[in-house]
Each structure stands twice: as structure tokens, then as C-alpha cells.
Amino acid sequence: GEDVEQSLFLSVREGDSSVINCTYTDSSSTYLYWYKQEPGAGLQLLTYIFSNMDMKQDQRLTVLLNKKDKHLSLRIADTQTGDSAIYFCAEKDTGRRALTFGSGTRLQVQP
Amino acid sequence: SAVISQKPSRDICQRGTSLTIQCQVDSQVTMMFWYRQQPGQSLTLIATANQGSEATYESGFVIDKFPISRPNLTFSTLTVSNMSPEDSSIYLCSVELAGTDTQYFGPGTRLTVL
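One structure accompanies this document, and this report is about it. (Residues numbered from 1 in each chain as written. Chains lettered and ligands numbered in written order. Predicted model: local features only at pLDDT ≥ 70, side-chain atom pairs only at ≥ 80, totals over all residues. Heavy atoms only, no water.)

**Observations concerning the nonpolar core**
Formally: Only buried residues count toward a nonpolar core. Its members are Ala, Val, Leu, Ile, Met, Phe, Trp, Tyr and Cys residues joined through side-chain atoms within 4.5 Å. Each residue gets one of three labels from its accessible area relative to the maximum for its type: buried under 20%, exposed over 50%, partly exposed in between, using a 1.4 Å probe on protein chains only. Between two residues, a contact is recorded if the distance between any of their heavy atoms is within 4.5 Å.
Ranked by size, the top nonpolar core spans 47 residues in total, and within it A:Y35, A:F101, B:W34, B:Y35 and B:F105 carry the most contacts. Among residues more than four places away in sequence, those in contact with A:Y35 are A:L43, A:Q44, A:L45, A:L46, A:I86, A:Y87, A:F88, A:L99, A:F101, B:Q103 and B:F105. Judged by nonpolar contacts, the second largest core, of 20 residues, contains A:V12, A:I20, A:I76 and A:L107.

Set out below in C-alpha cells:
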């Protein structure tokens, strides 16, 4: 079955860039997503990328996709304390259309 | 995007009872899903809610324990039956908007079973 993996924790200083990485195994992934979850809250869709793209930029967020290596990253420029949260990557395959989630990366931003 | 509401937002229930969670969305959607997020864990798909027919369950989840209804395009319910403390989780519905490939999540229902 599909598997999505992320590192569990990342700590950065305010103003620095954060890079959160994700790997997946499903070759038939069509879309890959990044969600943000703040404590006690639901999931907020941040951005997503179609599998035939290799980069997408949206304000402070840059998504890079290496389809050959099945590697996805989310770069947050000028990281702020309000960016502290858990970030989940997720992939959708053509058949099922539901999402398979990674374990989540807890981003801690230090002032 | 879409506005997705879930009721209740949280509940504390006794072992052996059942709880029905409602999910309502304000836009036309194609797909509706139910996920579970156990404490400190990631999200696991319970089932795909199909309009007017039986839900499609993932391995490890069965209809008797998690009956799901979806009477129309924008509303679904998930029941957690005969609850035990192991069912303590956040239950989230998600929707895929019509004409898009984006999936949005409701705010979740935080369930504690004593």
C-alpha cells in the first residue's frame, strides 16, 4: 500500500527559512498536498501540487517535487512564530481519491 | 474553499454508548470522507461516504462499528458504536469540491470515552 514519511520535528529561528521534507511510495500519485494543524484545531490546506509539476510558489511557500525520487518539500520563507504547528504532507492516488497522510512534522519557531 | 461544519465539536461519552457525528458542507462536493486522528498521531481514513449507498470502508474499519450515512451531496453522518476508551480520537470529515482536486477538512469532533 501507499506509504508517506516525514521527519518528526524541525526547529528554526524566527526569520529563517524552514524546509519540511516528505517521501512517498505510490507511483500513481496524482496530487500532493501540504496541510497545517495548529494545536486543538482542524487541518488547513496550505498548498498542493500536481504530479507533473516540479515547483509551485505561493507567497512565502514553495513546494518542490522530485517525482523520480518521490520526494516532496515545503519551504517557508521568513518563518514566523505563527508558523509553529504540525505540517502534514498527503498524497492522493488516481483510484481511491482519499488521501494518505504522513506522520506530520512539528515545526517549532524560536524567537 | 468551502465551509464545513461538524457537530458536536467535542463530547465525553461512557463506554458502551454510541455517538453520531454530523458533517455539513455549504458547497457542491463530489467526495466525502471520514478520518480518525488518534492522540498524537496522523490521520487514518475510516471510509468514503457514498451518496445514497453503503460507504466504502478501509481495512480495519467495519460498518457495524462505524455506520455512515450520506443521504445527499452535502451531508453525512458517522456513528461510533459501542464505544470503548480506544475510540477516543478526533474524527474529521473531509470533502472534495466539485470540479477541483482540492480536499478540505471540517474542524473535527474531539471524542473522549471514559
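**Details of the side chain of B:T48**
Residue and element names in this part refer to chain B. Quick note on the threshold: Strands here mean DSSP runs of E at least two residues long; helices mean DSSP runs of H or I at least four residues long; both are numbered from the N terminus.
Mapped onto the secondary structure, T48 falls in strand β5 (residues 43–49). Of the residues examined, T48 reaches a relative accessible area of 7% and is grouped as buried. Contacts of T48, omitting those with residues within four sequence positions, involve M31, M32, F33, A55 and T56.

**A look at the layout of surface pockets**
Which entries qualify depends on this criterion: Here a cavity denotes grid points, spaced 1 Å and computed from the protein atoms alone, that fit a 1.4 Å probe unable to get out, and a pocket denotes an open set having protein on both sides within 12 Å along at least 5 of 7 lines; residues with an atom within 4 Å of a point are the lining. Grid points are joined across faces, edges and corners, and a volume is the space filled by probe spheres set on the points.
The space that makes up the largest pocket amounts to roughly 510 Å³. Forming the boundary of the largest pocket are 28 residues, of which A:Q37, A:I86, A:R106, B:Q37 and B:G40 lie nearest the centre. Sorting the residues of the lining of the largest pocket by element identifies β9 (85–93) and β11 (105–110) of chain A together with β9 (89–97) and β11 (109–113) of chain B as the ones contributing at least two each. If one sorts the elements of the lining of the largest pocket by residue count, β11(A) sits on top with four residues.

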